[in-house]
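Coordinates in review
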Amino acid sequence: MNKLPDRIRIKDIARLADVSVGTVDRVIHGRSGVSESSKKRVEEILKQLDYQPNMYASALASNKRYSFTCLLPQHLEGEYWSAVEAGISEAVVAYSDFNISVKTTYYDPYNYQSFVDASHTILDAHPDGVMVAPTVTQYTKELTDKLNEQDIPYIYIDSNIKEIPPLAFFGQNSRQSGYFAARMLMLLAGNEKEIVIFRKIHEGIIGSNQQENREKGFRQYMEEHHPSCHILELDLHAERDNKDSLMLNEFFRQHPTINSGITFNSKAYILGEYLQAHQREGFNLIGYDLLERNVTCLKQGSISFLLAQQPELQGFNGIKTLCDHLIFKKEVTHVNYMPIDLLTVETIDYYSNK
């Protein structure tokens, strides 16, 4: 074999395999139109040379367009999912050279039929890849089964369904997060005999797998380490924040000595602002996510701790992974747990969640 240049080119491989440059290009990129004998010769040369194609340059040279769809819960501006969308927008800009586009479809997290209807909209569009915030397993599986049939890769964001494995998942280990949150709350609560879990719920639906798994992890810690501590529950309105004050008034009237609680959704500010308005000082409250109103409550002392999970990075990395898989043909990491970040009034100003 003649001495090869330091940088192996496609024409060098073609010469060694005694085929055309076009044949080598088709083999490298997995396209059809190559005889088995030619394909075998090229693959043997590629293996001998440990050749790694420059997929970045190939993608730039291609005119192919990639359409991605994101299926996210409906939300208001400034809520948790707005941060996820900000990360998605950053990814679209970062990969704009590769002709990607992203369309977001929304579903009502408290209405399973809404998820089904949104799923049909996505399937009718035949996207190249999908990023989805899953609902319960039954309805998520209806979507993922159809995506698998069409060979469309999909990413989970925020919560994982291990029984229906995606191409990749980005989010916290929600059960471990809840377990850790229980430990932190009990450091504040000390020897108190009662604590409370505040939920946002609508007709029995919590609206997030993540919240359910956090509560499971929370209860596991309490059973293991504080089995005598009684856990109260208060289910607030999922979609009528203005009705919560009356329910909280009645709850604290019935339980005047309770002094510690947690909410597993991102609307901890509803509780924090209530505590401020009613001058209920010294209540130990833990919540999730760095919404502006949550951070304000943290700084003003009505929220003790916030647990963060870097939603912008989840959104960015979900789109990045679809690009890595479809455009650059890279191996991707299937389970990507985000850090469980505990923020206090002393640390919040120094924290970057990007």
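Side note on the nonpolar core
Judged by nonpolar contacts, the single largest core of 69 residues is most densely connected at Ile100, Phe198, Phe252 and Ile319. It is helix α11 (residues 268-277) that contributes the most residues to this core, 6 residues altogether. Setting aside anything within four residues of it in sequence, one finds isoleucine 319 in contact with Phe68, Cys70, Ile88, Ala91, Ile100, Val102 and Met131. Core analysis: the next-biggest nonpolar cluster, separate from the first, contains 20 residues, Ala182, Leu185, Ile197 and Ile231 among them.

Quick word on helix α2 (residues 21-28)
Along α2, the residues that are buried comprise Thr23, Val24, Val27 and Ile28. For α2, the arc enclosing every buried residue in end-on projection is 130°, short of the 170-degree limit, so these residues lie on one face. Contact partners of the buried residues in α2: α1 (10-17) and α3 (36-49). Positive phi shows up at glycine 30, right after α2, with a value of about 70°.

With respect to the packing of α11 against helix α12 (residues 292-300)
As a packed pair, α11 and α12 sit with axes 8 Å apart at the nearest point and diverge in direction by 40°. The angle between α11 and α12 places the two elements in the oblique class. Relative to α12, the crossing made by α11 is left-handed. Of the residues in α12, those in contact with Ala268, Tyr269, Gly272, Glu273 and Gln276 of α11 are Arg293, Asn294, Cys297 and Gln300.

Some thoughts on the pattern of salt bridges
Scanning all chains against the criterion turns up 15 salt bridges. Salt-bridge contacts for lysine 64 lead to aspartate 128; the nearest nitrogen and oxygen are separated by 3.9 Å. Residue lysine 64 is found in the loop between α4 (55-61) and β1 (66-73), and its partner aspartate 128 is found in the loop between α6 (112-125) and β3 (129-132); the two are separated by 64 residues along the sequence. On the basis of relative accessible area, lysine 64 is assigned to the partly exposed category, the value being 39%. Overall, aspartate 128 belongs to the partly exposed group, its relative accessible area being 24%. Aspartate 244 serves as the salt-bridge partner of lysine 200, at 2.6 Å between the closest nitrogen and oxygen.

Details of the packing of aromatic side chains
Taken as a whole and judged by the stated rule, the model has 16 aromatic pairs. For the ring pair tyrosine 95 and phenylalanine 328, a centre distance of 6.4 Å and an interplane angle of 45° mean the geometry is tilted. With tyrosine 95 in the loop between α5 (80-94) and β2 (100-107) and phenylalanine 328 in the loop between α13 (311-326) and β11 (335-337), this residue pair connects regions lying 233 residues apart in the sequence. Take tyrosine 95: its relative accessible area is 11%, and that puts it in the buried class. Judged by its relative accessible area of 9%, phenylalanine 328 is buried. Arranged with centres 5.3 Å apart and planes meeting at 80°, the rings of phenylalanine 251 and phenylalanine 252 form a pair that is edge-to-face. Like phenylalanine 252, phenylalanine 251 is buried.

Some thoughts on the sheet that holds β2
Backbone-to-backbone hydrogen bonds join strands into a sheet, with any given pair of strands oriented parallel or antiparallel. One open sheet holds the 6 strands; their spatial order is β2-β1-β3-β4-β5-β11, and the pairing between them is parallel. Each end of this open sheet is capped by a strand with a single partner; those strands are β2 and β11. Pairwise comparison of adjacent strand axes, ignoring direction, gives a mean angle of 15° for this sheet. As defined by bridge partners, strand β5 (residues 168-171) adjoins β11 across 3 bridges and the pair is classed as parallel. The residue bridging phenylalanine 170 from the neighbouring strand is asparagine 336, located in β11. This element, α6, spans β1, β2 and β3 of the sheet and lies at about 155° to β2. Together, β1, β2, β3, β4 (154-157) and β5 form the strand contacts of α13, whose direction differs from that of β3 by roughly 155°.

Calculation rules
Residues numbered from 1 in each chain as written. Predicted model: local features only at pLDDT ≥ 70, side-chain atom pairs only at ≥ 80, totals over all residues. Heavy atoms only, no water. Core = buried A, V, L, I, M, F, W, Y, C linked by side-chain atoms within 4.5 Å. Buried < 20%, exposed > 50% of the residue type's maximum accessible area, 1.4 Å probe, protein only. Helix = DSSP H or I, 4+ residues; strand = E, 2+ residues; numbered from the N terminus. Contact = heavy atoms within 4.5 Å. Arc of directions from axis to C-beta. Axes fitted to C-alpha atoms, helices over the stretch in contact; angles between N-to-C directions. Parallel < 35°, antiparallel > 145°, perpendicular 65-115°, else oblique. Left-handed = near helix turned anticlockwise from the far one by under 90°. Salt bridge = Lys/Arg side-chain N within 4 Å of Asp/Glu carboxyl O. Phe/Tyr/Trp six-rings, centres within 6.5 Å; stacked < 30°, edge-to-face > 60°. Pairing = 2+ DSSP bridges.

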